[in-house]
Amino acid sequence: MKESSNKVIVGALLGVSGLLMAISTLLIGQDVSLQRVLDFYLLDGVMSSHYASLLAGFAFLAMAILALLSIKKRKYQGVLSAFLLVISIVPLLTLLDSSRWIADLGGFPAIGSGQGIIKYAALLALAIHFLYAEKMTLRQQQVLQLFPVVLVLLWIGGMKFTQLEAQGIEDLVRSSPLMSWMYSIWSVQTASNVIGVYDLVALSVLILSLQFKRLLLLGIAMAGAVMLTTQTFLFTWPAALSGETLLTSGGQFLIKDLWFIANLVLYYYLNNRDENTL
């Protein structure tokens, strides 16, 4: 993959996801997830959730515009990185709050609403790359892009072995022509376990690809299949889209997987960097 192709794909993924997040955030208005952010930062009495949604919506819009502009002009990457840092760090820090973890399962690391929050690690990795790639070794850059993908596969994949998560994904799986067949073979819990095993195998192959390059395409294909399958739920799961807000909060959770595809694209590029003309 050439650097130009890498920039186009990553820029397009950030542009599309940012635009969809912006529109839906602005239309949704007051949202529980934004209220939790305000509560965590003790801003509940300072800023209304309506104002917070406007702020978040315009931040995503700026991210989308800057990502698309940076495809052609590198000078926009610095500003894009600043927005990515803010957009990712603000929610990621709320993982320190106990409300993100499932108390009935012992709290940390049984992740609840934090499932949508850890996805911001993908944007953080991209921001750091845009800002500091020239000061990092090639291996450090590779690990940086691999980390958020491994993190989400490990954490959300690990949750698949719990009854709560198995039941939580049931509607998604049943709505999918690609996955609904699993319930004709296995129980809800067993099907979830199988998905969890797949996620753990995919992350293992990805980690091994750091040392064994022949596993690179397999690891990216396995992890990419998870993210792409998630995107199909936008069209098969009735609760993902809304005529009033475009994406529901559930739809926003799904669209964030485009960020991990950007990580994988960049990881692939970095693994073949010596073969490209820079």
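See the structure above.
A short tour of the structure in this document, coming up. As the structure is a computational prediction, the values presented were derived from the model and not from experiment.

**Overview of the packing of helix α2 (residues 32-40) against helix α3 (residues 49-69)**
Here is step 1: Running from amino to carboxyl end, α2 crosses α3 at an angle of 105°, the nearest separation of the two axes being 10 Å. As far as their axial angle goes, α3 and α2 are roughly perpendicular. Between α2, through L34, Q35 and L38, and α3, the contact on the second element is made entirely by S49, A52, S53 and A56.

**Looking at the packing of helix α1 (residues 3-28) against helix α6 (residues 120-132)**
Here is step 1: Running from N to C, α1 and α6 cross one another at 135°; their axes reach a closest spacing of 13 Å. Taken as axis vectors, α1 and α6 run oblique relative to one another. The chirality of how α1 crosses α6 is left-handed. Contact with α1, carried on its side by V10, L14 and M21, involves Y120, L123, L126 and F130 of α6 and no other residues of that element.
Here is step 2: Residues that form the contact of α1 with α6 fall into these classes: 7 nonpolar, no polar and no charged.

**Some thoughts on the nonpolar core**
Here is step 1: Within the largest apolar cluster, 73 residues are counted, with the highest numbers of intra-cluster contacts made by L14, M63, L84, L123, L153, L206 and W259.
Here is step 2: Of all the elements, helix α14 (residues 257-271) adds the most residues to this core, at 11 residues.
Here is step 3: Ignoring sequence-local partners within four residues, the contact set of L84 consists of L14, M63, L123, L126, A127 and F130.

Thresholds applied
Here the residue index of a chain counts from 1 through its sequence in written order. Totals for whole chains, interfaces and linings use all residues, but because this is a predicted model, local features are given only for residues with pLDDT of at least 70 and pairs of side-chain atoms are given and counted only at 80 or more. Calculation of side-chain values draws on the structure's entire complement of heavy atoms; hydrogens and water are dropped beforehand. Lines fitted to C-alpha atoms define the axes here, with helix axes fitted over just the stretch in contact, and angles between the N-to-C directions of these axes take values from 0 to 180 degrees. Under the DSSP-based scheme used, a helix requires at least four consecutive residues in state H or I and a strand at least two consecutive residues in state E, with every element numbered from the N terminus. For this classification, under 35 degrees means roughly parallel, over 145 means roughly antiparallel, 65 to 115 means roughly perpendicular, and everything else is oblique. Every residue pair with non-hydrogen atoms within 4.5 Å of one another is taken to be in contact. Crossing chirality is assigned from the near helix's rotation relative to the far helix, an anticlockwise turn below a right angle marking it left-handed and a clockwise turn marking it right-handed. Three categories are distinguished: nonpolar for Ala, Val, Leu, Ile, Met, Phe, Trp, Tyr, Cys and Pro, charged for Asp, Glu, Lys and Arg, and polar for the others, with Gly belonging to the last. The definition of a nonpolar core used throughout is a set of buried Ala, Val, Leu, Ile, Met, Phe, Trp, Tyr and Cys residues joined through side-chain atoms within 4.5 Å. Categorising residues by exposure relies on relative accessible area from a 1.4 Å probe, with only protein chains included: less than 20% of the type maximum marks a residue as buried, more than 50% marks it as exposed, and the intermediate range marks it as partly exposed.

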